[in-house]
Each structure stands twice: as C-alpha cells, then as structure tokens.
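# Descriptive structure summary
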Amino acid sequence: MSIPATELMTTLRSGHSTSPRLTWYGPDSERVELSGRVLDNWVAKTSNLLQDELDAGPGSRLRLDLPPHWKSVILALAAWQLGMTTVLGDGEADLLATGEPEASRGSARYDAVIAVPLPALAMRWPGELPPGVVDYAAEVRSHRDVFMPHADPDPAHPAVTSSDGTTYRHADLLDGFAIGHQNGARLLVKAGEGLEQVLVQSLGAWQQDGSVVLVHPDVEITDKLLANERVQGS
C-alpha cells in the first residue's frame, strides 16, 4: 500500500533526479550536495539497514536524538518509507538514533541503539562503541540501493510524534505535518530552528518539486552563499 513518503521518494528519484534536492552547509567548510537520486539511494540503504538488521517495520518507533543535519533527515525519510513512527521528543521508542551513544549505555529502554557520526566523511564511529550499538556509518553503505518492504505500511499509523507529543498519521505527513511552499522553491532552512522545523520545511519544499539548502548555526549565511545556491522562493 502506498503512503505519501513512498510516493515522495518515487518522485525524488525519477523527476529531475540529477538536480540538487538537499544541500548541507556544516562547520569546517563542510558542504554536501545530494541529488534526488543520491538522496533516494541513502534513504533506501538506511531503510534496508533498519529493516534487515534491526527488524524494524510498520508501527516500529525510531527516536531521533540528533541535531538538525542531513543524516537526521535521511533517517527520518527512511523510517517513514518503512511505515515507522519518528519520535522527535523524549517519548517511548523501540530504536534510538543518537550522536551520543555513551549516554545510552546500560539502558534497557530501546531494542537497539544506532550511533550516527555527523562528519560527512566519517566512515565509522570515531572510537569504541558500547556493546551492541550499531555503527551507522560503518554499516549503511553495505546495504542495497533499492528498498523493498517486507510488509505494507499503514496510512492510518502514526508517522510522527512531535516534540510536544502531537501525532500525525502517515496519510497526513505531507498535508498535515509539512509546511507548504511555492512550487520549485530553492528553500533556505536554518538548522538552528530545530529538527522538527527542518523536517516540516524540507517535506513541504520537496512536495512542491523544490529543494533545500540546510545551514548549520555556525555557518554565516552570506549574500554569496545565497547567490551561489540560487536560493529563491518561500
């Protein structure tokens, strides 16, 4: 059964698939540009990691204990494609994706913990991980580029539990959770506004065949950056 997230990924990998869809500006002059095809590739690999290694599927809950970042967005899209619920606050969840895996040591709260190193070129977690913690960077690249779900997602299941506890169904992900934008907008999104805002803005831009320039709070937003990225629309 199709849900808005799967339809969105189909659009991103087929329509203008080589055009930029997500561009990240991070500390230390970091710039990552993902075309629709590459974005879909990352999402497919991540969905396969969640499904094949961690037994995630429709109805499973993934807590995103991560700052706004292109990898946070990838994990959210992968979870939605699977029919999972992304938990954006401190609510109950089955899986935890975090940049601070040491804080989860000894916790029985989650079935599995995923350590997510944020530097773009990180091939694995820098250092030792607690036993049983999955190294996202080391594991995700080995998974298939095409995602085939083991079970159909349910549009009536919750897709998001927001930071204030509000829930949104998969059927309402793009028309209830996302914020609408102009068609084809090249949208500037400030990471300092928080992960929830990054997700609602990004989904809204992609729904209207647009793209996103996501900028870390430590990066100065200059006229040159705006011009180079051709930021326009709202």
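Data block above holds the structure.
Heads up: these notes are all about the structure in this document.

Rules used throughout
Residues numbered from 1 in each chain as written. Predicted model: local features only at pLDDT ≥ 70, side-chain atom pairs only at ≥ 80, totals over all residues. Heavy atoms only, no water. Buried < 20%, exposed > 50% of the residue type's maximum accessible area, 1.4 Å probe, protein only. Helix = DSSP H or I, 4+ residues; strand = E, 2+ residues; numbered from the N terminus. Pairing = 2+ DSSP bridges. Axes fitted to C-alpha atoms, helices over the stretch in contact; angles between N-to-C directions. Contact = heavy atoms within 4.5 Å. Core = buried A, V, L, I, M, F, W, Y, C linked by side-chain atoms within 4.5 Å. Parallel < 35°, antiparallel > 145°, perpendicular 65-115°, else oblique. Left-handed = near helix turned anticlockwise from the far one by under 90°. Nonpolar A, V, L, I, M, F, W, Y, C, P; charged D, E, K, R; others polar. Arc of directions from axis to C-beta. Salt bridge = Lys/Arg side-chain N within 4 Å of Asp/Glu carboxyl O.

## A closer look at the pairing of strand β5 (residues 95–98)
Both faces of β5 are covered, namely the face carrying Leu95 and Ala97 and the face carrying Leu96 and Thr98. Alignment of strand β3 (residues 61–65) against β5, held across 4 bridges, turns out to be parallel. Following the sheet pairing, arginine 63 is matched in β5 by leucine 96. Of the strand pairs in this sheet, β5 and strand β6 (residues 112–115) are connected by 4 bridges, and their pairing is parallel. Along β6, the bridge assignment pairs alanine 97 with isoleucine 114.

## Considering the sheet that holds strand β10 (residues 186–190)
Strand order in the open sheet formed by 4 strands is β2-β1-β11-β10, and the pairing between neighbours is mixed. The open sheet terminates on both sides in strands that have one partner only, identified here as β2 (30–35) and β10. On average, each strand axis in the sheet is tilted by 15° relative to the strand beside it, whichever way the strands run. With 5 bridges joining them, β10 and strand β11 (residues 211–215) adopt parallel strand pairing. Along β11, the bridge assignment pairs lysine 190 with valine 215. Taken strand by strand, helix α6 (residues 195–207) contacts β1 (20–26), β10 and β11, and its axis lies near 155° from that of β11.

## As for the nonpolar core
Residues Leu77, Trp80, Leu203 and Trp206 are the most contacted members of the largest nonpolar core, which totals 60 residues. At 10 residues, the largest contribution of residues to this core is made by helix α3 (residues 70–82). Ranked by size, the runner-up nonpolar core spans 8 residues in total, among them Val87, Leu96, Val113 and Val133.

## Observations concerning the packing of helix α2 (residues 36–54) against α3
One can describe the packing of α2 onto α3 by two numbers: an axis separation of 8 Å at closest approach and a directional angle of 60°. As judged from the angle between their axes, α2 and α3 are oblique. The way α2 lies across α3 gives a crossing that is right-handed. Two secondary-structure elements touch here, α2 through Leu39, Trp42, Val43, Ala44, Thr46, Ser47, Leu50 and Gln51 and α3 through Trp70, Ile74, Leu75, Leu77, Ala78, Ala79, Gln81 and Leu82. Residues belonging to the contact of α2 with α3 are distributed by class as follows: 12 nonpolar, 4 polar and no charged.

## Quick look at helix α1 (residues 4–14)
Of the positions making up α1, those classed as buried are Pro4, Ala5, Leu8, Met9 and Leu12. For α1, the angular spread of buried residues about the axis comes to 135°, placing them on one side. In the core, the buried residues of α1 are packed alongside β1, α2, α3, α5 (173–177) and α6. One or two residues past the end of α1 sits histidine 16, with phi positive at roughly 50°.

## Some details on the pattern of salt bridges
Tallied over the entire structure, the rule returns 11 salt bridges. Among the salt bridges present, the one from aspartate 52 reaches arginine 144, with a minimum N-O distance of 3.7 Å. Placement of aspartate 52 in helix α2 and of arginine 144 in the loop between α4 (136–140) and β8 (158–161) is noted, with a sequence separation of 92 residues between them. With relative accessibility at 42%, the residue arginine 144 sits in the partly exposed group. Taking the shortest distance from any N to any O, the salt bridge between aspartate 172 and arginine 169 comes out at 3.0 Å. Each member of the salt-bridge network shares a partner with another, and the members are Arg31, Glu33, Arg186 and Glu229.

## Some details on the packing of α3 against α6
It is at 11 Å that the axes of α3 and α6 come closest, and there the two elements cross at 65°. If you check the angle between α3 and α6, you find them roughly perpendicular. Read as a crossing pair, α3 and α6 show a hand that is right-handed. Along its contact with α3, which presents Ser72, Val73, Ala76, Leu77 and Trp80, the element α6 presents Leu195, Val198, Leu199, Leu203 and Trp206.

## Thoughts on unusual backbone geometry
A positive phi is found at aspartate 28, a non-glycine position, where the angle reads about 60°. With respect to the helices and strands, aspartate 28 occurs in the loop between β1 and β2. On the basis of relative accessible area, aspartate 28 is assigned to the exposed category, the value being 77%. Unusually for a residue other than glycine, serine 29 sits at a positive phi of about 60°. When its relative accessible area of 76% is taken as the criterion, serine 29 is described as exposed.

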